[in-house]
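# Descriptive analysis of the structure
Residues per chain are reported as follows:
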Amino acid sequence: MADYYFRTEGLAVGYGGRALLENIQIHLKKGEILTLIGPNGAGKSTILKSITKQLRILSGRVTVGEKELSAFSYQELSRKMAVVLTDRVRPELMTCHDIVATGRYPYTGRLGILSRRDEDKVDEAMALVRAEALGSRLFTSLSDGQKQRVLLARAICQEPEILVLDEPTSFLDIKYKLELLHILRRMAKEQGITVVMSLHEIDLAGKVSDKVLPVKEGCVYAYGTPEEILNEEFIRRLYGLEKGSFDPVFGSIELPRPEGEPETMVISAGGKGIPIYRHLQKKGLPFIAGILYQNDIDYQLARQLASRVISVEAFQEINEAVYKEARTAALGCRKVICTDIPWGSCNARLKKLVEEIKGRR
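Let me sum up the structure you'll find in this document. (Residues numbered from 1 in each chain as written. Predicted model: local features only at pLDDT ≥ 70, side-chain atom pairs only at ≥ 80, totals over all residues. Heavy atoms only, no water.)

### Here's the deal with the overall build of the protein chain
This is how it is decided: Numbering of helices and strands runs from the N terminus; a helix is a DSSP stretch of H or I covering at least four residues, while a strand is a stretch of E covering at least two. Contacts are residue-level and defined by heavy atoms, with any inter-residue pair within 4.5 Å sufficient. Every accessible area reported is derived by Shrake-Rupley at a probe size of 1.4 Å, with residue values counting cover from the shown protein chains alone. Counted as positive: Lys and Arg. Counted as negative: Asp and Glu, with His and the chain ends omitted from the count. A single reference atom marks each charge: NZ on Lys, CZ on Arg, CG on Asp, CD on Glu.
Looking only at helices and strands, the protein chain features 13 helices and 16 strands. Seen through its principal axes, the protein chain has C-alpha atoms that stretch 85 × 45 × 35 Å. If you take every contact in the protein chain between residues at least 6 apart in sequence, the share linking residues at least 24 apart comes to 64%. As presented, the protein chain carries roughly 17600 Å² of accessible surface, and 49% of it is formed by carbon and sulfur atoms. Within the protein chain, the 47 negative side-chain charges are centred at a point lying 2 Å from the centre of the 52 positive side-chain charges.

Here it is as structure tokens:
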């Protein structure tokens, strides 16, 4: 247990003495990133507020280093932990520089006078989130995305050992989402900062996190690595997906496949079929995909979008049964779309199928 820097044991959180989530077990080493995922209202923010002493813990323990959270004074905790929650702060007549500078207050005297070193830390934090140009602007004049970057700079300026963030990518465009997560990943790796956050973007959670904690309807579903947890069936159950699906290979959420009897067949390989699949889906046209090798990138998306996929195991020659299935499907369709395909000994029969289809049309 000594290897873990941040731990919860049998943690129960909630409001008014009523538990919303119980038996929350978290074990994180220094420099690890944990992401909470799950539908709205599942209790992600409640967990974050509880581990930052903004809500009273109902039962269980939270330990930072070798010390229980309850034993920290707020002054001590502010030197260990920085927090960026979704509550919208509305400070009047404060510039962005002023906001970021409040991150240094745990290190200043009672008068809150910043030293030269403190000012340097403010400048470094604003530069890290690319907010230097915002320093003299009033915080209330910023867009939500700009405010999010400034609040992150304030947290960084605090020089925490643990950084807690509630939906930090909300309101950010894709450029700043990626930059923010890159900053967090770098801080975790290079400075050993432990990060606990919530995200709605499952694909980004899978890419940035060391551990994932899914929660739903008063239940902690699991705890582990993204590779262990973020699979198609698990995400379907977690979010109650009835339409569409989660693709763990692409890390993407896909809209439902078109309904109806397919009258189009797509013969492709090596990613050439992907734009065609998406085009047909947008048009609401069901289609058949094949013959696809099961290690082909087209196969992964075809599983989500095609009405039917005709496939063969990787690196195997196309057998007679699969060939006949594909031939019957192609001849039964009103339209067959063939992309450029690199030919070899394994897919020689697919080439024969394409030539036969072209000869009949």
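Moving on from the coordinates now.
### A look at the nonpolar core
Spelled out, the test is: As used here, the term nonpolar core means buried Ala, Val, Leu, Ile, Met, Phe, Trp, Tyr and Cys residues forming a set that is joined through side-chain atoms within 4.5 Å. Between buried and exposed lies partly exposed: a residue is buried under 20% and exposed over 50% of the maximum accessible area for its type, with that area taken using a 1.4 Å probe on protein chains only.
Grouped together as the largest cluster of nonpolar side chains are 47 residues, with contacts concentrated most on Leu163 and Met197. Per-element tally for this core: the top contributor is helix α5 (residues 144–157), with seven residues. Setting aside anything within four residues of it in sequence, one finds Leu163 in contact with Ala82, Leu152, Ala155, Leu184, Met187, Ile193, Thr194, Val195 and Val196.

### Structural notes on the packing of helix α10 (residues 274–283) against helix α11 (residues 297–305)
To keep it simple, the criterion reads: Every axis corresponds to a line fitted to the C-alpha atoms, with the helix fit spanning only the stretch in contact, and the corresponding angles, defined between N-to-C directions, vary from 0 to 180 degrees. Geometric relationships in this document are graded by angle, where less than 35 degrees denotes roughly parallel, more than 145 denotes roughly antiparallel, 65 to 115 denotes roughly perpendicular, and other angles denote oblique. What makes a crossing left-handed is the near helix being turned counterclockwise from the far one by less than a right angle; a clockwise turn instead makes it right-handed. Following the grouping adopted for this structure description, the nonpolar residues are Ala, Val, Leu, Ile, Met, Phe, Trp, Tyr, Cys and Pro, the charged ones are Asp, Glu, Lys and Arg, and the polar ones are all others, Gly among them.
One can describe the packing of α10 onto α11 by two numbers: an axis separation of 9 Å at closest approach and a directional angle of 15 degrees. The angle between α10 and α11 falls in the class roughly parallel. The element α10 and its partner α11 pack so that their crossing is left-handed. Mapping the contact onto sequence places Ile274, Tyr277, Arg278 and Gln281 in α10 and Ile297, Asp298, Leu301, Ala302 and Leu305 in α11. Residues belonging to the contact of α10 with α11 are distributed by class as follows: six nonpolar, one polar and two charged.

### A word on the sheet that holds strand β5 (residues 67–68)
Rule in force here: For two strands to count as paired, DSSP must find a minimum of two bridges between them.
Taking strand neighbours across the sheet as the criterion, the four strands line up as β2-β1-β4-β5 in an open arrangement whose pairing is antiparallel. The open sheet has two edge strands, β2 (18–28) and β5, and neither has a second partner. Helix-sheet contacts for helix α1 (residues 44–51) involve β1 (6–15), β2 and β4 (59–64), and the interaxial angle to β1 is about 115 degrees.

### So, helix α6 (residues 174–191)
For clarity, the threshold we go by: Take the residue count of a helix, subtract one, and multiply by 1.5 Å to get its expected span. Think of the arc as the fan of directions from the helix axis to the C-beta atoms.
Taking 1.5 Å of rise per residue, 18 residues should cover 26 Å, and α6 covers 25 Å from first to last C-alpha, within 8% of that figure. When we look at burial in α6, the residues that qualify are Lys177, Leu180, Leu181, Ile183, Leu184, Met187 and Ala188. Viewed end-on, α6 has its buried residues packed into an arc of 150 degrees, placing them on one side of the element. Opposite the buried face of α6, at more than 90 degrees from it, the exposed residues are Ile174, Lys189 and Glu190. Residues of α6 that are buried in the fold lie against β3 (33–37), α4 (116–128), α5, β7 (162–166), β8 (194–198) and α7 (202–208). Positive phi shows up at Gly192, right after α6, with a value of about 70 degrees.

### A closer look at the pattern of salt bridges
Rules: Each reported salt bridge corresponds to a side-chain nitrogen of Lys or Arg within 4 Å of a carboxyl oxygen of Asp or Glu.
If you walk through the whole model with that rule in mind, you get 20 salt bridges. For Arg104, the salt bridge identified is with Asp118, shortest N-O distance 2.9 Å. Here Arg104 is found in the loop between α3 (96–101) and α4, whereas its partner Asp118 is found in helix α4, with 14 residues between them in sequence. Across the pair, exposure class does not vary: Arg104 and Asp118 are buried alike. In this structure, the salt-bridge partner of Glu124 is Lys121, at a minimum N-O distance of 3.9 Å. Of this pair, Glu124 and Lys121 both sit in helix α4, three residues apart, which is roughly one turn of that helix.

### Remarks on α5
Compared with the 20 Å implied by 1.5 Å per residue over 14 residues, the 20 Å span of α5 between its first and last C-alpha is a close match. Of all 14 residues in α5, twelve are buried; the element is thus mostly enclosed. Buried within α5 are the following residues: Gly145, Gln146, Lys147, Gln148, Arg149, Val150, Leu151, Leu152, Ala153, Ala155, Ile156 and Cys157. On its buried face, α5 is in contact with β6 (81–84), α3, α4, β7 and α6. With its phi angle positive at about 50 degrees, Glu159 sits one or two positions after the end of α5.

### Topic: the sheet that holds strand β13 (residues 264–267)
With respect to topology, four strands assemble into an open sheet ordered β15-β14-β13-β16, the strand pairing being parallel. One side of each edge strand has no neighbouring strand; the edge strands of this open sheet are β15 (308–312) and β16 (335–338). For this sheet the average axis-to-axis angle between neighbouring strands, irrespective of direction, equals 15 degrees. Bridge count for strand β14 (residues 287–293) against β15 is five bridges, and the pairing is parallel. Pairing of Tyr293 across the sheet is with Val312, part of β15. Sheet strands in contact with α11 are β14 and β15, and its direction is about 150 degrees off that of β14.

### Quick look at the packing of aromatic side chains
This is how the line gets drawn: Between the rings of Phe, Tyr and Trp (Trp by its six-membered ring), a pair exists once the centres lie within 6.5 Å; its type follows the angle of the planes, with under 30 degrees stacked, over 60 edge-to-face, and the other angles tilted.
Under the counting rule described, the total for this entry stands at two aromatic pairs. An angle of 85 degrees between the planes, with centres 5.9 Å apart, marks the rings of Tyr221 and Phe234 as edge-to-face. Linking Tyr221 in the loop between β10 (219–220) and α8 (226–229) with Phe234 in helix α9 (residues 232–239), this pair joins segments that are 13 residues apart in sequence. With a centroid separation of 5.2 Å and 15 degrees between ring planes, the pair formed by Tyr277 and Phe287 is classed as stacked.

### With respect to the side chain of Glu254
Heads up, the condition is: In protein, a polar contact means a hydrogen-donor-capable atom and an acceptor-capable atom, both N or O and within 3.5 Å, with residues adjacent in sequence counting only if both atoms are side-chain atoms; elsewhere, any N or O pair within 3.5 Å suffices.
Examined against the element boundaries, Glu254 turns out to sit in strand β12 (residues 252–254). Engagement of the side chain of Glu254 in a polar contact is seen with the side chain of Ser252, the distance being 2.9 Å. Not counting chain neighbours up to four residues away, the residues in contact with Glu254 comprise Gly244, Ser245, Asp247, Arg278, Leu301, Gln304 and Leu305.

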